[in-house]
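Residues per chain, in single letters:
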Amino acid sequence: MFEHNIDTIIHLAAESHVDHSFGNPYQFTLTNALGTQVILEAAKKFKVTRLLHMSTDEVYGEVSSTEKDLLESSILMPTNPYAASKASGDLLVSAYVKSFNLPAVTIRCNNVYGPHQFPEKIIPKFICLLNRGEKCFLHGDGTNTRRYLYAADAVSAIDTVLHKGEVGHIYNAGSNDELSNLDILKFILKVFGVDSTDDKVLGKYTEFTEDRPFNDSRYAIDSEKLQKLGWTYKTSFEDGLKVTTSWYSKYGEIWWGDVTNILKAFPDTLKTDLDKFMNRQ
Ligand SMILES: NC(=O)c1ccc[n+]([C@@H]2O[C@H](COP(=O)([O-])OP(=O)(O)OC[C@H]3O[C@@H](n4cnc5c(N)ncnc54)[C@H](O)[C@@H]3O)[C@@H](O)[C@H]2O)c1
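Quick summary incoming for the structure in this document. Just so it is clear, the model here is predicted, and its values are computed rather than measured.

About the criteria used
- The numbers attached to residues start from 1 for each chain and follow its sequence in the written order.
- At least 70 in pLDDT is required for a residue's local features to be given in this predicted model, at least 80 for side-chain atom pairs to be given and counted, and no such filter applies to totals for whole chains, interfaces and linings, which use all residues.
- Values reported for side chains reflect all heavy atoms of the structure, with hydrogen atoms and water molecules removed beforehand.
- Burial status follows relative accessibility: with a 1.4 Å probe on protein chains alone, a residue under 20% of its type maximum counts as buried, one over 50% as exposed, and anything between as partly exposed.
- Numbered from the N terminus, helices here are DSSP runs of H or I no shorter than four residues, and strands are runs of E no shorter than two.
- Should DSSP find at least two bridges between two strands, the strands are taken to pair.
- One less than the number of residues in a helix, times 1.5 Å, gives the span that helix is expected to have.
- To get the bend at a given residue, fit one axis to the seven residues ending there, fit another to the seven starting there, and take the angle between those axes.
- In this analysis, two residues are considered to be in contact whenever any of their non-hydrogen atoms come within 4.5 Å of each other.
- Patches in this entry comprise residues that are over 30% relatively accessible and not in a salt bridge; like charges within 9 Å are linked, as are nonpolar side chains (Val, Leu, Ile, Met, Phe, Trp, Tyr) within 5 Å.
- Throughout, the Shrake-Rupley method with a 1.4 Å probe supplies accessible areas, and for residues the shown protein chains are the sole cover considered.
- Here, a salt bridge means any side-chain nitrogen of Lys or Arg that lies within 4 Å of a carboxyl oxygen of Asp or Glu.
- Put simply, a nonpolar core is a bunch of buried Ala, Val, Leu, Ile, Met, Phe, Trp, Tyr and Cys residues held in one set by side-chain atoms that sit within 4.5 Å of each other.
- The angle between two axes is taken between their N-to-C directions and runs from 0 to 180 degrees, where each axis is a line fitted to C-alpha atoms and a helix contributes only its stretch in contact.
- We call a residue near a given molecule or strand whenever any one of its heavy atoms falls within 4 Å of it.
- Polar contacts here mean pairs of N or O atoms no more than 3.5 Å apart (in protein, one a potential hydrogen donor and the other a potential acceptor; neighbouring residues in sequence count only if both atoms are side-chain atoms).
- Side-chain classes are defined by residue name, with Ala, Val, Leu, Ile, Met, Phe, Trp, Tyr, Cys and Pro counting as nonpolar, Asp, Glu, Lys and Arg as charged, and the others, Gly among them, as polar.
- In this scheme Phe, Tyr and Trp rings, the latter by its six-membered ring, pair at centre separations within 6.5 Å, and the angle between planes marks the pair as stacked below 30 degrees, edge-to-face above 60, and tilted otherwise.

A short note on the pairing of strand 1 (residues 8–11)
Part 1: Side chains Ile 9 and His 11 project from strand 1 onto a buried face, and the interleaved Thr 8 and Ile 10 project onto a face without burial.
Part 2: Across four bridges, the pairing between strand 1 and strand 2 (residues 50–56) is parallel. Paired with Ile 10 across the bridge in strand 2 is Leu 52.

Describing helix 2 (residues 25–46)
Part 1: If you check helix 2, its first and last C-alpha atoms are 30 Å apart, about what 22 residues at 1.5 Å a residue would give, namely 32 Å.
Part 2: Most pronounced at Gly 35, the bend in helix 2 amounts to some 30°.
Part 3: Turning to helix 2, its buried residues are Phe 28, Asn 32, Ala 33, Thr 36, Leu 40 and Ala 43.
Part 4: Close packing links the buried residues of helix 2 with strand 1, helix 1 (18–23), strand 2 and helix 3 (81–100).
Part 5: Remark: Lys 47 follows helix 2 within two positions and exhibits a positive phi of approximately 50°.

Thoughts on a nonpolar patch on the surface
Part 1: The grouping of Leu 30, Leu 34 and Val 38 at the surface amounts to a nonpolar patch, some 280 Å² of accessible area in total.
Part 2: With respect to the helices and strands, the residue Val 38 is situated in helix 2.

Points about the nonpolar core
Part 1: Counting residues in each nonpolar core, the largest one holds 26 residues, and the members touching the most others are Ile 123, Phe 126, Tyr 148, Ile 184, Leu 185, Ile 188 and Phe 237.
Part 2: If you list the elements that add at least two residues to this core, you get helix 4 (122–131), strand 5 (136–139), strand 6 (145–150), helix 6 (181–191), helix 7 (199–204) and helix 9 (237–263).
Part 3: The element best represented in this core is helix 4, accounting for seven residues.
Part 4: What Tyr 148 contacts, discounting residues up to four positions off in sequence, is Asn 110, Asn 111, Tyr 113, Ile 122, Ile 123, Ser 175, Asp 177, Leu 179, Asn 181, Ile 184 and Phe 237.

With respect to the sheet that holds strand 7 (residues 170–173)
Part 1: If you walk across this open sheet you meet the four strands as 1-2-3-7, and the pairing is parallel. The strands lining the two open edges of the sheet, one partner per strand, are strand 1 and strand 7. Neighbouring strand axes in the sheet, compared pairwise and without regard to direction, differ in orientation by 20° on average.
Part 2: In this sheet, strand 3 (residues 104–109) lies alongside strand 2 in parallel orientation, the contact comprising six bridges. Counted as the bridge partner of His 53 is Thr 106 from strand 3.

Describing the site of the ligand
Part 1: In the region of the ligand, 16 residues are neighbours, and Leu 12, Ser 16, Tyr 82, Lys 86 and Val 112 sit closest.
Part 2: Within the backbone of Leu 12, one N or O atom sits 2.9 Å away from an oxygen atom of the ligand.
Part 3: In the environment of the ligand, an oxygen atom lies 2.7 Å from a nitrogen or oxygen atom belonging to the side chain of Tyr 82.
Part 4: In isolation the ligand offers 820 Å² of accessible surface; the protein chains occlude 61% of this area.
Part 5: The set of elements that each furnish at least two residues to the shell around the ligand consists of strand 2, helix 3 and strand 4 (111–113).
Part 6: Here the element with the most residues in the shell around the ligand is strand 2; it accounts for three residues.
Part 7: A breakdown of the residues in the shell around the ligand according to their chemical character gives seven nonpolar, seven polar and two charged.

Quick look at the packing of aromatic side chains
The way to describe two aromatic rings as a pair is by their centre distance and the angle between their planes.
Part 1: Within this structure, the stated rule accounts for 10 aromatic pairs.
Part 2: Ring geometry for Tyr 96 versus Phe 100: centroids 4.8 Å apart, planes at 55°, classification tilted. Residue Tyr 96 and its partner Phe 100 are located together in helix 3, separated by four residues, close to a single helical turn.
Part 3: Given a relative accessible area of 6%, Tyr 96 falls into the buried group.
Part 4: Ring centres 5.9 Å apart and planes at 55° place the aromatic pair Tyr 148 and Phe 237 in the tilted group. With Tyr 148 in strand 6 and Phe 237 in helix 9, the pair connects residues that are 89 residues apart, well separated along the chain.
Part 5: Here a set of aromatic residues connected by ring pairs shows up, and it is made of Tyr 113, Tyr 148, Tyr 150, Phe 187 and Phe 237.

If you want it as structure tokens, here you go:
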């Protein structure tokens, strides 16, 4: 007999930051592909009644502005090691559903943001930098876009798929709030009461850096299948950003302190990258 009577697994664990995947791709494959298989084997062993696998819109690859939003049946065309490792996890989940009748469901979310997010991600990173009076660095020309879902809406999407999703099915979960990295900076500055429509003012807070080796211009997913299960996102980007900015303005520095402690347990490559960022070396 097992010590715990586990009936449900919500599998969110991952190496999640795309930037790091270019320098440390094996770690991403190890965690996101093999790690997912370890979870699947555990789910099989424990005979769980449901496993939810969390995936990403990045598995579909770049979607040009003239293309329609992608459905769950679209071809997977990942373009970076993170996205490829997540797509590998998705394929393993599908295979375990067929081979072993594993009662698994998959959700593919667009970018998520909100309080408590690890401050390597763009929104908390920018807020913390601005709170420190520092510039925000933008990859390339800052025009690449992503869609953003507030954490509470991502959670309700997970809850919906977990309870109402059909075994073996995949559900996209996204918003229509599509913003470039530059737009995000402008939005945050607006919340800080800075007039970011003035280029000179904007320049004071902006530093353009070398782009990623490859950077998809945009992603776009269609969430109608999930909406048919009753899910809809409720938080506008403006509202979600206000809450997030206020949270990081209050707790950001404490959070950084905690992150420094957490970092002690992380691989050296990641530590160096974040140390560099935190100390602006
Ligand atoms: N953040 C986003 O915008 C976003 C968008 C779509 C999908 N996702 C997916 O959602 C999930 C959660 O993302 P997040 O942004 O919260 O990431 P995160 O990096 O903040 O959290 C991932 C967690 O996984 C844990 N983890 C990593 N390797 C592990 C291992 N080998 N064993 C056990 N735990 C391990 C980490 O400690 C961390 O707590 C991931 O699967 C990610 O791919 C995230």
